[in-house]
Amino acid sequence: MALCLAISLIVKEDFVPYDQLVRYKWWFREGYMSSTGKCFDIGKATRESLLEFENRQQSFAEKNKIPLNRVDYLSDCELIEKFDVDCSKEGVAGNGSLMRLAPVPLFFYQHPECAVQFCEISGRITHGDQLAYDACRYYGALIVAAVRGESREELLSKDFYNKHEKWFGGKPLHPKIMEIAKGSYQKSGDNVKDIRGTGFVVQTLEAALWAFYSDENSFKTGVLKAVNLGDDTDTTAAIYGQLAGAYYGFRQLDQTWRERIYAKKFLSCISEWILYEGQQWKPKQSQKMIVLSLDTINKAFQNICQTTPFSMNYDSQTHTNVAIKSKTTANNNNSLRSSESKTSFHRSNSTNTQTSRTLLHPTISEGITQAPFNPSPMSTEKSENLPFE
């Protein structure tokens, strides 16, 4: 889901909740951006919200006379604004929205007030309780502060909220989240037994922050502490990793772990793209959704993936495979839009050709895979030819 969120921000060059929900739905239904090619371990709250989103899409399509096979690809800004994206029931306070959060503060870190506001919306569309989206606001602010170079002491300060109150737009945190912000997680000795990484967002947030507080300046130590709490271990560790990763940086992570990261080149590509597009973003853009042409998306993706000669994308108009072959290799992020490209229909059978996965909708069409990493049964590609590790 974090990858779905990241790619939505990149493709739209903006924060568009409708598009985020569409990509979450693709993950749910088709395994889009899943490391296994299938949706697995989806939480009840997220599942119910996505089912509600599908129901609303159907009603919305009927009301506005939109073909169902086009409803995922809406580009009319005024039309999208009419769609109610808050698909969660009230009182839903699981940790699902918090564990996917990182792309938002990473994209908008240069604009802290916007980042915190978008973190709230990001959580609210699938988790409708104030506890859930206020946890996202607070944790998003911490990630922004870490990326902006604040010290460990500043991040762990019991006055963090007061010192960054402007970022929160004068809107106070829920009392239970404020209690955490004031240091309830800073425990040691026998008091650690009160820390639990359950599916409840308050406890998960506290557990992740405790792991950061007690990680002895080591990402590896913090991850292991988060996991060894038990309960919802993968989520607690993932949430810890968002803040700790922002604070320590990629190069300070354990080298063995870095080398074994799945789809490392793909993730590196996404990370650089997040950085580039986020630096270009200005607050006024969110007043009107930016819809990129397929050609613009292809050029940007091709140039930033310097190690990948071909980029496979899905053309939603013709339902065909479009491969973009770059004539030049970008040497830095500033050349993203300067490279000349050409389009051609392409089926990847060649062992000399590497193809990257689509950022658009993965369809069951020959030559296109359903998931970002694993080939579908109908694909002609071989997994060993993919540019991913």
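Each value, and the rule that gives it
Counting of residues starts from 1 at the beginning of each chain's written sequence and follows it residue by residue. Residue-level local features of this predicted model are given only where pLDDT is at least 70; pairs of side-chain atoms are given and counted only at 80 or more, and the full residue set underlies all totals for whole chains, interfaces and linings. Side-chain numbers here rest on the full set of heavy atoms in the structure, without hydrogens or water. Runs of H or I in DSSP of at least four residues are treated as helices and runs of E of at least two as strands, each being numbered from the N terminus. Three exposure classes are used, based on accessible area relative to the maximum for each residue type with a 1.4 Å probe and protein chains only: buried under 20%, partly exposed in between, and exposed over 50%. Should any heavy atoms of two residues lie within 4.5 Å, those residues are counted as being in contact. Surface exposure here means Shrake-Rupley accessible area, sampled with a 1.4 Å probe, where a residue is shielded only by the protein chains that are shown. The span one expects for a helix is its residue count, reduced by one, times 1.5 Å. Buriedness for pockets is judged along seven lines, at least five of which must meet protein on both sides within 12 Å for an open set on the 1 Å grid over protein atoms alone, while cavities are sets there where a 1.4 Å probe fits but cannot get out, and lining residues have an atom within 4 Å of a point. Grid points are joined across faces, edges and corners, and a volume is the space filled by probe spheres set on the points. Three classes are used, and their members are as follows: Ala, Val, Leu, Ile, Met, Phe, Trp, Tyr, Cys and Pro are nonpolar, Asp, Glu, Lys and Arg are charged, and the others, Gly among them, are polar.

1. Brief notes about the overall build of the protein
- A count of helical and extended segments in the protein gives 16 helices and 4 strands.
- When the 389 residues of the protein are sorted by exposure, 56% land in the buried category.
- The contacts of the protein with a sequence gap of at least 6 include a subset with a gap of at least 24, amounting to 68%.
- Surface accessibility of the protein: about 17600 Å² in total, with carbon and sulfur atoms responsible for 47%.

2. Topic: helix H11 (residues 201–213)
- End to end, H11 covers 18 Å across 13 residues, agreeing with the expected 18 Å (1.5 Å per residue, within 8%).
- Among the residues of H11, those classed as buried are Val201, Val202, Thr204, Leu205, Glu206, Ala207, Ala208, Leu209, Trp210, Ala211 and Phe212.
- As for H11, its buried residues are in contact with helix H7 (130–147), helix H8 (152–155), helix H10 (175–181), helix H12 (219–227) and helix H13 (233–248).

3. Section: the layout of surface pockets
- By volume, the largest pocket amounts to about 2300 Å³.
- At the level of elements, helix H1 (2–12), helix H5 (103–107), H7, H12, H13 and helix H15 (264–280) are the ones that each hand at least two residues to the lining of the largest pocket.
- Considered class by class, the residues forming the lining of the largest pocket number 31 nonpolar, 12 polar and 5 charged.

Any functional reading would require information that these geometric values do not contain.
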